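# Inside the fold
Now for the letters of each chain:
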Amino acid sequence: GGGGGGSGARRRMKRFRASKFRLAEARPARKEAWIRGIRGSSPAASGNHIKTSRRWIVFNTDSAGVLGMVPLECQDGDKRPVSELRCHSGVVADFDFSPFDDQLLATCSAEEVVKVWRLLDSGPDVSSSPKVALGPEGSQVGMVLFHPTADGILASGAQKAVKVWDVEHQQPLTELEPHGDLLQSLAWRPDGALLGSSCKDKMLRIFDPRAGPTACQSVQAHGSGRDSRLLWVNSTGSLLSTGFNEVREREARLWDTRAFHGSLASVTLDASPRPLMPLLDLDIGLLVLMAKGEDVLFCYEVLPGQPALSEVAQCRTESKAHGIALVPKPALDVLACEVMRVLQLTDNAVVPISYTVPRKSLQEFHEDLFPRCTGNVPGASARAWWAGDNGQVQRISLHPAHPPHPAFTSACIPSLLPESRALEPLPVEGQMEELDLSAGSSLSSPTGSLTSPLSATSGFASSPSQRSLQSILGPSSGFRHIQGTVLPRGTHFTNLKGLNLTTPGECDGFCTNRRRVAIPLLSAGGQVAILELSKPGRLPDTSMPTIENGAPVSDLCWDPFDPERLAIAGEDAKIRLWRVTPEGLQKSLVEPEAVLQGHTEKIYSIKFHPLAADILASSSYDLSLRIWDVRSRRQALLLKGHGDQVGRRVAGHGERLGKEKASGGSLRSPPPFVQGRACEEQEAGGLVTV
């Protein structure tokens, strides 16, 4: 008996195990991150009134027949431009994006015609976008829905009728048998094999459009015929419907088509008369419910295996909703554990609402929160699907290390461009813009200093950049929890004596590269100690070999491309180049490798170019900034124009200098191409490129 009880307990634990999404939190964006400058509206139609692709947000406006359009991603913090698509003469009842081609949008209205558009990239009015017209339908069209796996298959609903279209050939493939009353919603099963519908006659119907026009299954869904909606939960037969019960309370029900005689689970919300708009993330099972004219967002986890609808969170927004939409997965900030983002359409703004799962580490990819999701390459063409091909869309990872894939262009409407434009992958760490220097220039970059871009291996056409959750919820650095730790004493250098603490403020006091540390000493002749990083510990009490610079040290720096070369600027207006042997400093050095002369007063700052080999910049009390060609040991460029002492600068003229020299141009002092006030105080300041 004890063994049986333990087995039963394990079965119950397995059946009702806690979900990783039960702690998901809804966080509306701060007002600065709202998309403003729009005129949102919700006509008397059953749609959600706002839809997204990986590139665009499209929404109903207060002008009949006009849709508003803004980019999904905001470039460099700029305000999003708002475009208009004048698509119908009457109210736009519904619209839908292709799941594969981000520019393909289907629209419908009371005109009895469905239009499919290839959206233009820019402009305040994109009504001249290429389009095809499907129909006439014979009655007012109230809904359109693209197929989830086949390119160019579109379902449309008009009054009681449903048609399935081949958009490329602009012809209907089939018309399903009429419904018993007005159609209220359509939903393709995720694998594309079946089409479900909800109707004012309270019935849910399941069709196999390729097998015949008659419904293969049906069941009464809700006690009232008011505004029901239908969604598929998975490809194994689970459905979810929303509607009203007999006493006009709003409810959601979970169904299984394999036992289609009654719902498996249900949840009753309240007695509000406003119909619910449902959104479901198929990959993680989170359901979002909201009604037009309300400000409360309900979130449930759909668990068909238990079965259950488990409440996760409620979120109250600042404005009443006209519609809601899910943001495509590539736009999520996966490193911040943002598992879902909802866009709320209001009178004058689109408000992002992020759902995040708390984790201790917020700057790493959590595989369990982000299962593989569908990519953007269709599994079949329209004709192949109609002939029986059930090819599925490739599922891919959301790991940010995967570079974006070229965008897919549907054959339904030819692109205006010769070929599909691929999204450029983000630069990887260490990747720099290639310098335009000729092979014969003495200022070329060292071999191997540039990194090639990664090849595209992902199956997803990612958005131009993954929208950072920080820009929505407010400033929040990924390094805000960073902690500094002193390394063990065995890694320290101790017993340092005679350090020079009087170097100019522009100097960092010492410098290091990956092998050595150079430290100015307080002794005659401008001595510099060289310590090997591979040999930490207590330094001897006796004197050790040094570099004897011959003049007090004002600044020093290692060559980034030659770890044995050290440049030292002295108070005698000279720059001396010293070479340390690979074994380290075995004896004191008194003769430099080279001396660079040109400044007329004391030098206080020097810096090697970060990209180009053998380029060194220096600044002096003579109010000049000089660029040196270390290889030829001569001054290459003199920059003047400062009215006071030059602060710390970064070498940034290497590319321009290389072009001038390669073309045989004269080496002259170009004027600054931009300038501005940095600080109010006139004390010594610093500058570093970001």
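Everything discussed here concerns the structure shown above.
A short tour of the structure in this document, coming up. Everything numeric in this text was worked out from a predicted model, so none of it was measured.

Rules and cut-offs
Every chain's residues receive numbers from 1 upward, in the order its sequence appears when written. For a predicted model such as this one, the threshold for reporting local features is a pLDDT of at least 70, and the threshold for listing and counting side-chain atom pairs is 80 or more; totals across whole chains, interfaces and linings nevertheless cover every residue. To obtain the side-chain values, all non-hydrogen atoms of the structure were used and water was disregarded. The cut-offs for exposure are 20% and 50% of the maximum accessible area for each residue type, with area from a 1.4 Å probe on protein chains only; residues under the lower value are buried, those over the upper are exposed, and the others partly exposed. Numbering of helices and strands runs from the N terminus; a helix is a DSSP stretch of H or I covering at least four residues, while a strand is a stretch of E covering at least two. Strands are labelled as partners when DSSP assigns at least two bridges between them. Aromatic pairs are defined between Phe, Tyr and Trp rings, using the six-membered ring for Trp, whenever the two ring centres lie within 6.5 Å; interplanar angles under 30 degrees are classed as stacked, those over 60 as edge-to-face, and all others as tilted. To sit over a ring, a charge needs its Lys NZ or Arg CZ within 6 Å of the ring centre and within 35 degrees of the ring normal. Fitting a line to C-alpha atoms yields each axis, with helices limited to the stretch in contact; the angle taken between N-to-C directions then spans 0 to 180 degrees.

The side chains of a regular strand alternate, residue by residue, between the two faces of the sheet. Most of strand E45 (residues 615-620) is tucked away: 6 of the 6 residues are buried. In this structure, strand E44 (residues 603-608) lies alongside E45, joined through 5 bridges in antiparallel fashion. Along E45, the bridge assignment pairs Ile-606 with Ser-618. Between the antiparallel neighbours E45 and strand E46 (residues 625-629) lie 4 residues, among them Leu-623 with a positive phi of about 65°.

All right, on to the packing of aromatic side chains then. Applying the stated rule across the entire model yields 6 aromatic pairs. Summarising the aromatic geometry, the rings of Trp-255 and Phe-260 are spaced 6.1 Å apart at their centres and angled 75° between planes, so their arrangement reads as edge-to-face. You'll find Trp-255 and Phe-260 in the same group, each marked buried. On the numbers, 6.1 Å between centres and 40° between planes, the contact of Trp-385 with Trp-386 is tilted. Since its relative accessible area comes to 28%, Trp-386 is described here as partly exposed. For Lys-51, the ring lying beneath its charged end belongs to Phe-95, and the centroid distance is 5.9 Å.

This brings us to the pairing of strand E23 (residues 265-268). Only one face of E23 is buried, namely the one carrying Ala-265 and Val-267, since none of Ser-266 and Thr-268 on the opposite face is buried. Here 4 bridges tie strand E22 (residues 250-256) to E23, and the two strands are oriented antiparallel to one another. Bridging across to E23, Arg-253 finds its partner in Ser-266.

Let's shift gears to the sheet that holds E23. An order of E20-E21-E22-E23 is seen for the 4 strands of this open sheet, with the pairing classed as antiparallel. The open sheet terminates on both sides in strands that have one partner only, identified here as strand E20 (229-232) and E23. Neighbour-to-neighbour, the strand axes of this sheet turn through a mean angle of 15°, independent of strand direction.

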